[in-house]
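Coordinate inspection notes
If you want the building blocks of each chain, they are given just below.
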Amino acid sequence: MATYIHWQLESDAQGLLWLTLDKAGAGTNTLSGEVLEEFDKVLDAAAALAPKGMIIRSGKPSGFVAGADIEEFLQIKTGADALRMVRRGWDPFNKLAQLPFPTVALIDGFCMGGGLELALACRYRVAVDDPRTRMALPEVMLGIWPLMGGAMRLPRLVAPPQALDMMLTGRAVDARRARRLGLVDVAVPVRVAENAARMTALEPPQRRKLPFPASLMTLGMVRPLIAAMARKQVARRVRRDHYPAPYAILDAWSKYDGDPFRIPEGDPASIGALLASPTAANLIRIFFLQERLKGMGKETTFEARHVHVIGAGVMGGDIAAVCAMRGMTVTLQDQNAERLAPAMGRAQSLFKRRLRDRLRIRDATDRLIVDTAGGGARQADVVIEAIFENLEAKRALFAQLEKIVRPGAILASNTSSLKLADISANFANPARLVGIHFFNPVPQLQLVEIVSGEGTDPVIARQAAAFVRAIDKLPLPVKDSPGFLVNRVLGPYLQQALRMVDEGVAPETMDAAMVRFGMPMGPIELADVVGLDICMAVGRELGGDGAPPKRLDELVKSKQLGKKSGSGFYRWKEGKAQKGTAGPVDDALIERLIRPYLLEAQKAVAEGVVADADLADAGLIFGTGFAPFRGGPLHYLKAGT
Ligand code: NAI
């Protein structure tokens, strides 16, 4: 049999072909042009062998296929370039779909984008039932849509409303959900997966068909009705001028059955039109910024097996829970058992929500150990301090810790406002202290600032970044200066809005203005969510000039602290701000609100708080939700759109 660079084709004694993708020189399978070209040739060779069936699998332990090779997207300049690139997958996937013998995709681990489109072109899909197995069509997150057959095939296999939901949100499903949706034929434990794939190919079951009402929805006449319903939901979330891709997905499916080659040039659903708006380029930029953050800490082999967290409050409790959920042994220390109880309760609900499986919940629970005596600090690889924001208390605590921790352990503080150099002033070795600054709520927010003081050992900062990656968060290295990056930039932005309340601008109007700009929530709602006492403290600490905003001061004095106390600038009911009607929003208002944010971001870069402007954009997108389609605040300033 011919040999290939990225693929291996083998036949077995039962007359089956086993086709393995093991992309050369890469840890992960991606569908580069070269991989796809070779795939086309392999399919011809397979067809010539007329086997009983063929199973396609991955040779990488990391997963099936991560998707297209996004590096190659950078070469695309026009819609025609894009269609040429799409053709490289579209043609072989159609060829695969038409092979005259049963074909089975054996999916173990992630199966994303082009990888899922490949699997969809097989007659059957067998998935390994393991939390690592995740299937998604996340193209929408890059401002495009599944062009290599995904938008055509998924809604024929999975009921269109659910198929559209997957494409419109990019959300991943696990093997069990995929089984329930009909996306895979079987979900089996790893030890029987190969056999299940073999049996499916040798004794092919009836091909799954959409049940009756769902099958009607795929008809050309009915598709527009289904798309119109989905469009209403999309319109509630995003505007077409900000995010054209979800709208394009609906048009492409309802009018053109998901075939990119049937779409006339210039049609808003066409890939050319999507690439002509800056959104796709900006979202692709964000993808690479995220990859850059994901690469932080890669240089070290440091591995955190045991984490000791001191202070089981809002932050410490959740940091401990997230670490335990990610497989680390965690000891959680506080002054007494009563203080630990709420954190353990929150951890339970987090595990239930995120892990779902009974055994995995049990294992995570077992890994999280209460430790009032603080003995865990002696064995830990990472010790995180998250006690009250009080310099003397922190100093006293670290004086104890420094004596008992292992020599190679990381000593970290979650402080938001104290200088590392002050905390480590009495250390025997101040180079050991690093800031690992999480954001509240810890389980939801991806960004974590890795703070290096003047004395911090760079090796320790890199190890801290590796630890943050191991709990699947995004580390951003920052310099030890007031507010680091995120709070520093949010500070003047919130202050501006809070002062405008005193001028009589309605909170609803300001919030609407910033949502229009593309922020996930407006500044006044954000202040209520963060807590007005904290806004007040941050304002003071960042050197807010003179008296605090008047209305803010009144609210804090009357203990109306925002969401947590049930009222602040808004009244809060069932976790939602009760808002009145917003007044008219114009560009001048938007400009006035966002200007302080942009200027502060520029200043932070100029002062070297982060190493470069791209890192500031990454931090502010992932840390404050800055309008992703604009590509980051500094990019936005430069591009002027
Ligand atoms: P918190 O007040 O909710 O919890 C602090 C906990 O530490 C309490 O349970 C307390 O009993 C415990 N504690 C105090 N002294 C202790 C000691 N010597 N030994 C053991 N336990 C002790 O505080 P929160 O909000 O969790 O903040 C903790 C740290 O995280 C602070 O440095 C704060 O600046 C920082 N931070 C807070 C954020 C927030 O939004 N709350 C965001 C990011 C950082």
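A quick note: this is a predicted structure, and the numbers were derived from the prediction, not measured.

Turning to the sheet that holds strand β17 (residues 447–452), a few remarks are in order. Taken together, 8 strands build an open sheet; the order of strands is β13-β12-β11-β14-β15-β16-β17-β18 and the sheet is mixed. On the outer flanks of this sheet lie β13 (368–370) and β18 (474–479), each paired with one strand and no other. Pairs of neighbouring strands in the sheet enclose a mean axial angle of 25°, with direction left out of account. With 5 bridges joining them, strand β11 (residues 306–310) and strand β12 (residues 329–333) adopt parallel strand pairing. Within β12, the position partnered with I310 by the bridge is Q333.

Inspection of every chain in the model, using the stated rule, returns 43 salt bridges. E303 is paired through a salt bridge with R305; the nearest N and O atoms lie 3.4 Å apart. Residue class for E303 comes out partly exposed when judged on its relative accessible area of 47%. You can call R305 exposed: its relative accessible area is 56%. In this structure, R346 engages D318 in a salt bridge whose closest nitrogen and oxygen atoms are separated by 2.9 Å. Within this pair, whereas R346 is found in helix α14 (residues 337–355), its partner D318 is found in helix α13 (residues 314–325), the two being separated by 28 residues in sequence. A relative accessible area of 32% means that R346 is categorised as partly exposed. For D318, a relative accessible area of 11% translates into the label buried.

Surveying the vicinity of the ligand reveals 19 residues, the closest of which are M315, D334, R339, E389 and K394. Note that an oxygen atom of the ligand is positioned 2.9 Å from one of the backbone N or O atoms of M315. Contact between the ligand and N414: an oxygen atom at 2.9 Å from a side-chain N or O atom of the residue. With the chains in place, 81% of the 830 Å² that the ligand exposes on its own is no longer accessible. Residues belonging to the shell around the ligand are distributed by class as follows: 7 nonpolar, 8 polar and 4 charged.

So, about unusual backbone geometry. Residue P441 is bonded to the preceding N440 through a cis peptide linkage, with omega at 0°. Its place among the elements puts P441 in the loop between β16 (433–437) and β17. Even without being glycine, A50 reaches a positive phi, approximately 40°. By the element assignment, A50 lies in the loop between α1 (33–49) and β3 (53–58). The exposed category is assigned to A50, whose relative accessible area is 60%. Positioned with a positive phi, F484 is a non-glycine residue whose angle comes to about 45°. Turning to its location among the elements, F484 is positioned in the loop between β18 and α19 (486–502). A relative accessible area of 2% means that F484 is categorised as buried.

As a further point, take the pairing of strand β5 (residues 103–107). For β5, the tally of buried residues reaches 5 of 5 residues, placing the bulk of the element in the interior. Where burial is concerned, the two faces of β5 agree: the one with T103, A105 and I107 and the one with V104 and L106 are both buried. Here β3 pairs with β5 via 3 bridges, running parallel. Following the sheet pairing, M54 is matched in β5 by T103.

Our next topic: the sheet that holds strand β8 (residues 134–136). Taken together, the 4 strands give an open sheet; going across it, the order is β4-β6-β8-β9, and neighbouring strands pair in mixed fashion. Each having just a single partner strand, β4 (63–65) and β9 (173–174) make up the two edges of the open sheet. Bridge count for β8 against β9 is 2 bridges, and the pairing is antiparallel. Paired with M135 across the two strands is V173, which belongs to β9.

Turning to helix α21 (residues 523–530), a few remarks are in order. Most of α21 is tucked away, with 6 of its 8 residues classed as buried. Contacts made by the buried residues of α21 are with α19, α20 (507–517), α22 (532–541), β19 (571–573) and β20 (576–578). Note on α21: the residue one or two positions beyond its end, G531, has a positive phi of about 110°.

A separate point is the nonpolar core. Formed by 200 residues in total, the largest nonpolar core has its most connected members in M54, L183 and F467. Sorting elements by how many residues they give to this core places α19 first, with 9 residues. Sequence-distant contacts of M54, defined by excluding residues within four places in its chain, comprise L9, L17, L19, L43, A46, L96, L99, F101, P102, T103 and V104. The next biggest cluster of nonpolar side chains, apart from the first, holds 13 residues, and it includes W18, Y124, V126 and A201.

This brings us to the domain arrangement of the chain. For the chain, the domain assignment lists domain 1 (7–276), domain 2 (306–480) and domain 3 (487–608). With centres defined by C-alpha atoms, the gap from domain 1 to domain 3 works out at 43 Å.

There is a patch of nonpolar side chains on the surface, built from F212, L216 and L219 and spanning about 300 Å² of accessible area. Secondary-structure assignment places F212 in helix α8 (residues 212–216).

Another aspect to go through is the side chain of R432. Relative to the helices and strands, R432 is located in the loop between α17 (420–423) and β16. There is no salt bridge for the buried R432, and the closest opposite charge comes from E402, which lies 5.4 Å off by N-O distance. A polar contact is formed between the side chain of R432 and the backbone oxygen of P407, at a distance of 3.2 Å. For R432, the side chain forms a polar contact with the main-chain oxygen of A409, separated by 2.9 Å. Apart from the residues lying within four places of it in its own chain, the contact partners of R432 are V405, R406, P407, G408, A409, L411 and I460.

Before going further, it helps to spend a moment on the packing of aromatic side chains. The description of two aromatic rings rests on the distance between their centres and on the angle between their planes. As enumerated under the stated definition, the model contains 11 aromatic pairs in all. When the centroid spacing of 4.7 Å and the interplanar angle of 20° are considered together, the rings of W7 and F39 count as stacked. One end of the pair, W7, is in strand β1 (residues 7–11); the other, F39, is in helix α1, with 32 residues separating them in the sequence. Look at Y243 and F629: their rings are 5.2 Å apart centre to centre, the planes differ by 70°, and that puts the pair in the edge-to-face class. Of this pair, Y243 sits in the loop between α9 (223–237) and α10 (244–256) while F629 sits in the loop between α25 (613–624) and α26 (633–639); the two residues are 386 residues apart in sequence, bridging distant segments of the chain. Assessed through its relative accessible area of 7%, F629 is described here as buried. Put simply, the rings of Y493, F517, Y597, F626 and Y636 touch in pairs and so form one group of aromatic residues. In this structure, R87 packs its charged tip against the face of F261, placed 3.9 Å from the ring centre. A cation over an aromatic ring shows up here: R630 above the ring of F517, its NZ or CZ 4.1 Å from the ring centre.

Another aspect to go through is the state of the cysteines. Per the counting criterion, the structure on display carries 0 disulfides. The thiol of C122 is unpaired, and the distance to the nearest cysteine sulfur, on C111, comes to 9.4 Å.

What counts as what
Residues numbered from 1 in each chain as written. Predicted model: local features only at pLDDT ≥ 70, side-chain atom pairs only at ≥ 80, totals over all residues. Heavy atoms only, no water. Pairing = 2+ DSSP bridges. Helix = DSSP H or I, 4+ residues; strand = E, 2+ residues; numbered from the N terminus. Axes fitted to C-alpha atoms, helices over the stretch in contact; angles between N-to-C directions. Salt bridge = Lys/Arg side-chain N within 4 Å of Asp/Glu carboxyl O. Buried < 20%, exposed > 50% of the residue type's maximum accessible area, 1.4 Å probe, protein only. Near = heavy atom within 4 Å. Polar contact = N/O pair within 3.5 Å; in protein donor to acceptor, adjacent residues only side chain to side chain. Areas by Shrake-Rupley, 256 points an atom, 1.4 Å probe, with all protein chains shown as cover. Nonpolar A, V, L, I, M, F, W, Y, C, P; charged D, E, K, R; others polar. Contact = heavy atoms within 4.5 Å. Core = buried A, V, L, I, M, F, W, Y, C linked by side-chain atoms within 4.5 Å. Domains from an automatic or database assignment. Patch = residues over 30% accessible without salt bridge, like charges linked within 9 Å, V, L, I, M, F, W, Y side chains within 5 Å. Lys, Arg positive; Asp, Glu negative; His and termini not counted. Phe/Tyr/Trp six-rings, centres within 6.5 Å; stacked < 30°, edge-to-face > 60°. Lys NZ or Arg CZ within 6 Å of the ring centre and 35° of its normal. Disulfide = S-S within 2.5 Å.

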